Amino acid sequence: MRIMVTGGLGFIGSQMVRWLLDNEPDVDIINVDALTYAGNPANVADYADNSRYQWIHASIADRAQMEPCFADKPIDAVINFAAESHVDRSIQSGVPFVATNVLGTQILLELARTYHVPRFLHVSTDEVYGSLGPNGLFRETSPLQPNSPYAASKAAADLLVLAAARTYQQDVVITRCSNNYGPYQFPEKLIPLFVTNGIEGQPWPLYGDGRNVRDWLHVEDHVRAIWAVLNSGKSGQIYNIGGHTEKSNWEIAEDLRAILGLPASVIVPVPDRLGHDRRYAMDAQKITKELGWEPRIAWEDGIASTVAWYQQHEDWWRPLKTGAYREYYRQQYGESGTTRAPSASR
Ligand code: NAD
Ligand code: TYD
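Parameters at a glance
- Chains are numbered independently. Their residues run from 1 in the order of the written sequence.
- For this description, chains carry letters from A and ligands carry numbers from 1, given in the order in which they are written.
- In view of the model being predicted, local features appear only for residues whose pLDDT reaches at least 70, and side-chain atom pairs are presented and counted only at 80 or more, with totals across whole chains, interfaces and linings using the full set of residues.
- To get the side-chain values, take all heavy atoms of the structure and skip hydrogens and water.
- UniProt positions are given in the numbering used here, feature names are shortened, and annotations may be inferred rather than shown by experiment.
- Residues enter a nonpolar core if they are buried and are Ala, Val, Leu, Ile, Met, Phe, Trp, Tyr or Cys, with the set joined through side-chain atoms within 4.5 Å.
- Only protein chains enter the accessibility calculation, which uses a 1.4 Å probe; a residue whose area is less than 20% of its type maximum is buried, one above 50% is exposed, and one in between is partly exposed.
- Note on conventions: DSSP H or I runs of at least 4 residues are helices, E runs of at least 2 residues are strands, and numbering of each starts at the N terminus.
- Whether two residues are in contact is decided by their heavy atoms: any pair within 4.5 Å suffices.
- When DSSP locates at least two bridges between a pair of strands, those strands are taken to pair.
- We call a crossover right-handed when, viewed with both strands directed away from the observer, the connection leading from the first strand over the helix to the second proceeds clockwise.
- Classification of ring pairs uses Phe, Tyr and Trp, with its six-membered ring standing for Trp, and accepts pairs whose centres are within 6.5 Å; under 30 degrees between planes counts as stacked, over 60 as edge-to-face, and the remaining range as tilted.
- Remark: a charge is flagged as sitting over a ring if the NZ atom of Lys or the CZ atom of Arg is within 6 Å of the ring centre and within 35 degrees of the ring normal.
- We define a salt bridge as a side-chain nitrogen of Lys or Arg found within 4 Å of a carboxyl oxygen belonging to Asp or Glu.

An unreviewed UniProt entry lists the protein under the name dTDP-glucose 4,6-dehydratase, with Sulfobacillus thermotolerans as the source organism. The annotation that UniProt attaches to the protein under Sequence similarities (unreviewed entry) is "Belongs to the NAD(P)-dependent epimerase/dehydratase family. dTDP-glucose dehydratase subfamily." In its Catalytic activity (unreviewed entry) section, the UniProt record describing the protein reads: "dTDP-alpha-D-glucose = dTDP-4-dehydro-6-deoxy-alpha-D-glucose + H2O".

In a soluble, globular protein the nonpolar side chains are often hidden away together inside. Formed by 39 residues in total, the largest nonpolar core has its most connected members in M16, I79 and I287. With eight residues, helix α7 (residues 219-232) is the single largest residue contributor to this core. Residues within four places of M16 in sequence aside, it is in contact with I79, F81, V223, I226 and W227.

For the rest of this paragraph, the subject is the pairing of strand β5 (residues 119-125). In the case of a regular strand, side chains alternate between the two sheet surfaces. For β5, a buried count of seven out of seven residues is recorded, marking the element as mostly surrounded by other parts of the structure. Side-chain alternation along β5 places R119, L121, V123 and T125 on one buried face and F120, H122 and S124 on a second face that is also buried. Sheet topology note: the strand β4 (residues 77-80)/β5 ladder contains four bridges and is parallel. Within the sheet, the bridge partner assigned to I79 lies in β5 and is L121. What joins β5 to strand β6 (residues 172-177) is helix α5 (residues 149-168), and the crossover it makes is right-handed.

Further remarks concern the packing of aromatic side chains. Per the stated rule, a full pass over the model turns up 13 aromatic pairs. Pairing Y181 with W299 gives two aromatic rings, centres 5.0 Å apart and planes at 65 degrees, and the pair type is edge-to-face. Placement of the pair is Y181 in strand β7 (residues 179-181) and W299 in helix α10 (residues 299-312), with a sequence separation of 118 residues. Just as Y181 is buried, W299 falls in that class too. By way of ring pairs, the aromatic residues Y184, W309, Y310 and W316 are connected into one cluster. Over the face of the ring belonging to Y37 we find R89, whose NZ or CZ atom lies 3.4 Å from the ring centre.

Going through the model one piece at a time under the given rule, you end up with 16 salt bridges. Among the salt bridges present, the one from E246 reaches R279, with a minimum N-O distance of 2.8 Å. Residue E246 is found in strand β11 (residues 246-248), and its partner R279 is found in the loop between β12 (267-270) and α9 (285-291); the two are separated by 33 residues along the sequence. E246 gets classed as partly exposed once you look at its relative accessible area, which sits at 37%. Note on R279: relative accessible area 7%, which makes it buried. For the salt bridge of R257 with E254, the shortest nitrogen-to-oxygen distance reads 2.9 Å. Of this pair, R257 and E254 both sit in helix α8 (residues 249-260), three residues apart, which is roughly one turn of that helix. A relative accessible area of 31% means that E254 is categorised as partly exposed. Counted as one network, the salt bridges with shared partners bring together E200, E314, R318 and K321.

Structure follows, in structure tokens:
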């Protein structure tokens, strides 16, 4: 089976690549990644020479770059992770979010149809549902009420994917997952930012009153869920994925403080994020009932092993925090989106 993974140099996409190469011997992977600031070849460094793996440096938002990736050899499935993914950056400017998340998804859908790719799995997010009050859960049937430019671009992409199913009977599935944590997450997101700041002796900027709630899931549980949906999900369906682990940002900070042995003074309240969603929480009964998926990694174990990973991999995250990383990879690989012939980019 030949799978195109897009965004496979990012946090979750690289976990998918590593997991597939480790666990599914019949899978070959073509990883299409534009190497934005969030993409990092180090995330799959141990697999770079694997004969079942190939990275193509291309942007999903550039049809001319993408077409050869589809034309090269038949592809059995696309898993679309590629995205601009950080809410705070989308508040600065939504333009790259629309370009990759919306236009890029539409280009992929069209090419997947042209080249008769049997299944298209689109990786979406709980953020498309908007914000919950203190009670209730998001279901697959909940209305789309995105609040940030990031969430709006993801919701737009979801609608294009569903439209492709209705208009062309294209075989698509959508997964909507809650907040992920684990190794290789770019240190601009809450957990890796706090852990690495803690190791560096820097403060933890807690937005607003710190009572915003997210539903946390270990990234390995997420990729197992995606694999289940890709193989057994019903065509045209949406599957929520969640960890049954609701935590306020205060609680996260307290858990991290306990693991790292830091004083309460490390937490520094800062002005709130604009339009900050109050609470996300998933009803993931459908994927459990239909496909038998359940989270396996308990929060206490997952967060302890995640902190240990960042403690043991300073060589991975320190350059990302200095900017030296961007410069290094620009010199090494050129500007993001540079076209390379598929055979030349192994
Ligand atoms: P990430 O920012 O760590 O990685 C994104 C990857 O996409 C990077 O490797 C980047 O280089 C690549 N990319 C960006 N623009 C591209 C383009 N135009 N063409 C090709 N590649 C491009 O993101 P992540 O946290 O791994 O998220 C992956 C997907 O999962 C996203 O679609 C995101 O919306 C979704 N998601 C994330 C979470 C989470 O908690 N991180 C939760 C639910 C869903
Ligand atoms: P984040 O990791 O950016 O994920 P998302 O916005 O997709 O949920 O943020 C998680 C929560 O942590 C969110 O409520 C915002 C908050 N947060 C902080 O309080 N301080 C920070 O420095 C960051 C990055 C996030």
